[in-house]
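Listed here are the chains, written in short residue letters.
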Amino acid sequence: MVVLGPMSSWMAGDTVGGLRGKDRADAMNAVRQTLLAGFAGASVLLGLAYTARTYQLSRRGQVADRFSRSVGQLASDKLAERLGGIYGLEQVMVESSQEHATVVGVLSAFIRENTRRSDSPSLDEDSSSRPLPAWGTEPSADIRAATEVLARRPQRQEARRLDLRSAQLTGISLRSYDFHAPPRLTRTLLTWAVLCRADLRGADLSGSILTKADLRHALLARACLDQALMAEADLRGALLDDAVLLRADLSGADLRNTTGLTARQLAGAVIDEGTRLPPQIASDPWVAARRAACRAWRDQPHQETSPPPTAAPAR
């Protein structure tokens, strides 16, 4: 009644009001039809907005329910249920960017707490005192699945590092040719982690912290270790063919008996007098020049993140 009465008259204005007879009636009907069409369109838009809001709330509730059920499955004593929970959390993470950080935190904690070393590492501990696990040693199926899910997580901005400190991941396999993209372990906290005999060929470990990590006999060919902090890491027997060590901090690291390591790779890394290298690499003039460059860089009052790569000395 408001639309067809007062509002129509107000919208018609003096122009329509000045008409008489049939002309006035036709003009008023046109105004009323226009107003009714406008109100109908507004009603449709409001209905769509309400439906979209209801859908978002419903979807959010479904995601929260799936998240809760998946987390509950992680506590099961049955392997199949734990695997179901892990892959359920992966689907939640893929579909909901809002739950990305939460799922990453839950899976990281699951790996960390179920593989944590029983002994507390000491500051002066030497990994050589621990026996090297036999070939074929690997984590349980649920730990492997959780690690693989984290390695193929969606590429999104992450405020916190992936926390796998002190995790026992001996023999873990995260090879690039088993994934659609290089396994992503960027900016991962792997301090004190045990990764001996791990297959990380082609994996992306750039920016990760591997201080005092046990990487004995790890396969790191073509792995990206750009800006990785590997101070005092044990890399004896590791395979390093074509591994990217640009700006990697190898201070005090043990790289004796490594395979595939070259002076060119070390030309962009940070090394010091405590970095132990294979004899043929340690005696290379290029490596000696790199040690000197790193020593001079440390003595500078305003240090950059790392010294620039050292050019090969003239032969």
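Now for a quick tour of the structure.

The rules we used
Once a new chain begins, its residue numbering starts again from 1 and follows that chain's sequence as written. This being a predicted model, a pLDDT of at least 70 is required before a residue's local features are given, and a value of 80 or more before pairs of side-chain atoms are given or counted; all residues contribute to the totals for chains, interfaces and linings. To obtain the side-chain values, all non-hydrogen atoms of the structure were included, while hydrogens and water were left out. Geometry is summarised by axes, namely lines fitted to C-alpha atoms with helices restricted to the contacting stretch, and by angles between N-to-C directions that run from 0 to 180 degrees. Numbering of helices and strands runs from the N terminus, with a helix taken as a DSSP run of H or I at least four residues long and a strand as a DSSP run of E at least two residues long. Convention used here: angles under 35 degrees read as roughly parallel, angles over 145 as roughly antiparallel, angles from 65 to 115 as roughly perpendicular, and any remaining angle as oblique. Two residues qualify as a contact provided that any one of their heavy atoms is within 4.5 Å of a heavy atom in the partner residue. Here a polar contact means two N or O atoms within 3.5 Å. Within protein one must be a hydrogen donor candidate and the other an acceptor candidate, and residues neighboring in sequence count only if both atoms are side-chain atoms. To sort residues, take the accessible area from a 1.4 Å probe on protein chains only and compare it with the maximum for the residue type: under 20% means buried, over 50% means exposed, and anything in between is partly exposed. For this document, the term salt bridge refers to a Lys or Arg side-chain nitrogen within 4 Å of an Asp or Glu carboxyl oxygen. Among the buried residues, those of types Ala, Val, Leu, Ile, Met, Phe, Trp, Tyr and Cys that are joined through side-chain atoms within 4.5 Å form a nonpolar core. Excluding any residue in a salt bridge, patches collect residues exceeding 30% relative accessible area, merging like charges within 9 Å and nonpolar Val, Leu, Ile, Met, Phe, Trp and Tyr side chains within 5 Å. Here the accessible surface of atoms and residues is derived via Shrake-Rupley with a 1.4 Å probe, and residues count as covered only by protein chains that are part of the display. Throughout, a crossing is termed right-handed when the near helix is turned clockwise from the far one, and left-handed when it is turned anticlockwise from it by less than a right angle. Any two of the Phe, Tyr and Trp rings considered here, Trp counted by its six-membered ring, make a pair once their centres fall within 6.5 Å; the pair's planes then place it as stacked at under 30 degrees, edge-to-face at over 60, or tilted in between. Remark: a charge is flagged as sitting over a ring if the NZ atom of Lys or the CZ atom of Arg is within 6 Å of the ring centre and within 35 degrees of the ring normal.

## Examining the packing of helix α3 (residues 79–95) against helix α5 (residues 141–151)
Two numbers describe how α3 lies on α5: the axes approach to 9 Å, and their chain directions differ by 5°. Overall, the two elements α3 and α5 adopt an arrangement that is roughly parallel. On the side of α3, the interface is formed by L79, R82, L83, I86, Y87, E90 and M93, while α5 contributes A141, D142, A145, A146 and V149.

## Digging into the side chain of S206
Note on placement: S206 falls in the loop between β2 (188–189) and α6 (263–266). At 2.8 Å, the side chain of S206 and the side chain of D204 are in polar contact. S206 has contacts with T186, R187, C224, L225 and D226, leaving out every residue within four places of it along the chain.

## Structural notes on the environment of T211
Relative to the assigned elements, T211 resides in the loop between β2 and α6. With 40 residues separating them along the chain, T211 and S251 place their C-alpha atoms 9.7 Å apart. Setting aside residues up to four positions removed in sequence, T211 forms contacts with L190, T191, W192, L229 and A231.

## Remarks on unusual backbone geometry
One non-glycine residue, S166, lies in positive phi territory at about 60°. Take S166: it is sitting in the loop between β1 (162–163) and β2. For S166, a relative accessible area of 10% gives the class buried.

## Observations regarding the pattern of salt bridges
As enumerated under the stated definition, the model contains 21 salt bridges in all. In this structure, the salt-bridge partner of R256 is D254, at a minimum N-O distance of 2.6 Å. Ionic contacts of the salt-bridge type, sharing partners, join the residues R112, E113, R116, D163 and R165 into one network.

## Overview of the nonpolar core
Judged by nonpolar contacts, the single largest core of 65 residues is most densely connected at L195, L210, L220, M230, L235, L250 and L266. Elements represented by at least two residues in this core include exactly α2 (21–74), α3, α4 (100–115), α5, α6 and α8 (285–298). A total of six residues in this core trace back to one element, the largest contributor, which is α5. Beyond its immediate stretch of four places on either side in the chain, M230 contacts L210, L215, L225, L235, D249, L250 and A253.

## Some remarks on a nonpolar patch on the surface
On the surface, a cluster of nonpolar side chains totalling about 310 Å² of accessible area is made up of V44, L45 and L48. Tracing the chain through its elements places L45 in helix α2. By relative accessible area, which is 58% here, L45 ends up exposed.

## Let's talk about the packing of α3 against α4
Between α3 and α4, the shortest axis-to-axis distance is 9 Å and the interhelical angle comes to 155°. Our classification of the angle between α3 and α4 gives roughly antiparallel. Here the hand of the crossing between α3 and α4 comes out left-handed. For the pair α3 and α4, contact is made by R82, I86, L89, V92 and M93 and by H100, V103, V104, V106, L107 and F110, respectively.

## Description of the environment of N114
Within the fold, N114 resides in helix α4. Taking relative accessible area as the criterion, N114 reaches 51% and is therefore assigned exposed. Each C-alpha atom of the pair N114 and S140 lies 9.9 Å from the other, and the pair is 26 residues apart in sequence. In this structure the side chain of N114 is engaged in a polar contact, spanning 2.7 Å, whose partner is the backbone oxygen of F110.

## Some words on the packing of aromatic side chains
Inspection of the entire model under this criterion finds zero aromatic pairs. Sitting over the ring of W135, R197 keeps its end group 3.9 Å from the ring centre.

This is a description of form; function is not addressed.
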